Amino acid sequence: MNKFFQRLFLFEKCEIKTKLSKQQILTRVTSLLDYEHTDYYGSVSEYGFFIGEKNRKHFIGGHTRNSFAPIAKAKIIEENGITSVSMVLRMHILVMILFVPIYVVSLLTIVMFPFVWVLLHFAFVKPTKKLKQQIENLLVESD
């Protein structure tokens, strides 16, 4: 039921526990944020990190734009040799403010709901899963 409400309200919460130290995690996240060579941008602080997927991607012959690209805000807590990374993945707040009225209306109509659901699946849900998997891969102890 919790996953249902998270999907309904367009966010996802998760917690990852690892044996990596806070500094190792921040170093790995910083390596992911290489603006020129990855699809992500963000910042790192001593308390956690922020990662966003670029909403404009260039490729040979053109570019794509995804205003629904996810962002992840994480807080890192270290205790007893275990580091806990608590994350919230969601859309940019401005996109949510503009999109929520359309989303609420679509929930109330049978005709518009499937179109909005498919749009959200490909524009938000799949990129969110990809970003979450990328962060989880960073936190695997492979040293």
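In this report, we go over the structure that sits alongside the text. (Residues numbered from 1 in each chain as written. Predicted model: local features only at pLDDT ≥ 70, side-chain atom pairs only at ≥ 80, totals over all residues. Heavy atoms only, no water.)

Take the packing of aromatic side chains next. Tallied over the full model, the rule gives six aromatic pairs. Ring centres of Phe4 and Phe5 lie 5.6 Å apart, and the angle between their planes is 65°; this geometry places the pair in the edge-to-face category. Classification of Phe5 as partly exposed rests on a relative accessible area of 36%. An aromatic cluster is built from Phe4, Phe5 and Phe9, whose rings are joined through pairwise contacts. (Phe/Tyr/Trp six-rings, centres within 6.5 Å; stacked < 30°, edge-to-face > 60°. Buried < 20%, exposed > 50% of the residue type's maximum accessible area, 1.4 Å probe, protein only.)

Moving on: the nonpolar core. Counting 21 residues, the largest nonpolar core has Ile25, Phe49, Ile51, Val85, Met87 and Ile135 as its most contacted members. If you list the elements that add at least two residues to this core, you get β1 (11-18), α2 (22-32), β3 (48-53), β6 (71-79), β7 (82-90) and α4 (113-138). Setting aside residues no more than four positions away along its own chain, Met87 makes contact with Glu12, Lys13, Cys14, Ile16, Lys73, Ala74 and Ile135. Grouped together as the second largest cluster of nonpolar side chains are 12 residues, Leu10, Met91, Phe99 and Tyr103 included. (Core = buried A, V, L, I, M, F, W, Y, C linked by side-chain atoms within 4.5 Å. Helix = DSSP H or I, 4+ residues; strand = E, 2+ residues; numbered from the N terminus. Contact = heavy atoms within 4.5 Å.)

Before going further, it helps to examine the sheet that holds β7. The strand order across the open sheet built from five strands is β1-β7-β6-β3-β2, with neighbouring strands paired in antiparallel fashion. The two strands at the open ends of the sheet, each matched to only one other strand, are β1 and β2 (40-44). Between one strand axis and the next, the sheet turns through 15° on average, direction left out of account. Across eight bridges, the pairing between β1 and β7 is antiparallel. Its bridge partner lying in β7, Phe11 is registered against Arg90. The sheet contacts of α4 involve β1, β2, β3, β6 and β7, and relative to β7 the element is tilted by about 165°. (Pairing = 2+ DSSP bridges. Axes fitted to C-alpha atoms, helices over the stretch in contact; angles between N-to-C directions.)

What follows deals with the pairing of β3. For β3, the buried fraction is high: five of the six residues fall into the buried class. Bridge count for β2 against β3 is five bridges, and the pairing is antiparallel. From the neighbouring strand, Gly42 faces β3, where its bridge partner is Ile51. Between the antiparallel neighbours β2 and β3 lie three residues.

Now for the environment of Tyr40. In this fold, Tyr40 is placed in strand β2. Assessed through its relative accessible area of 4%, Tyr40 is described here as buried. Distance from Tyr40 to Met87, taken between C-alpha atoms, is 16 Å for residues 47 residues apart in sequence.

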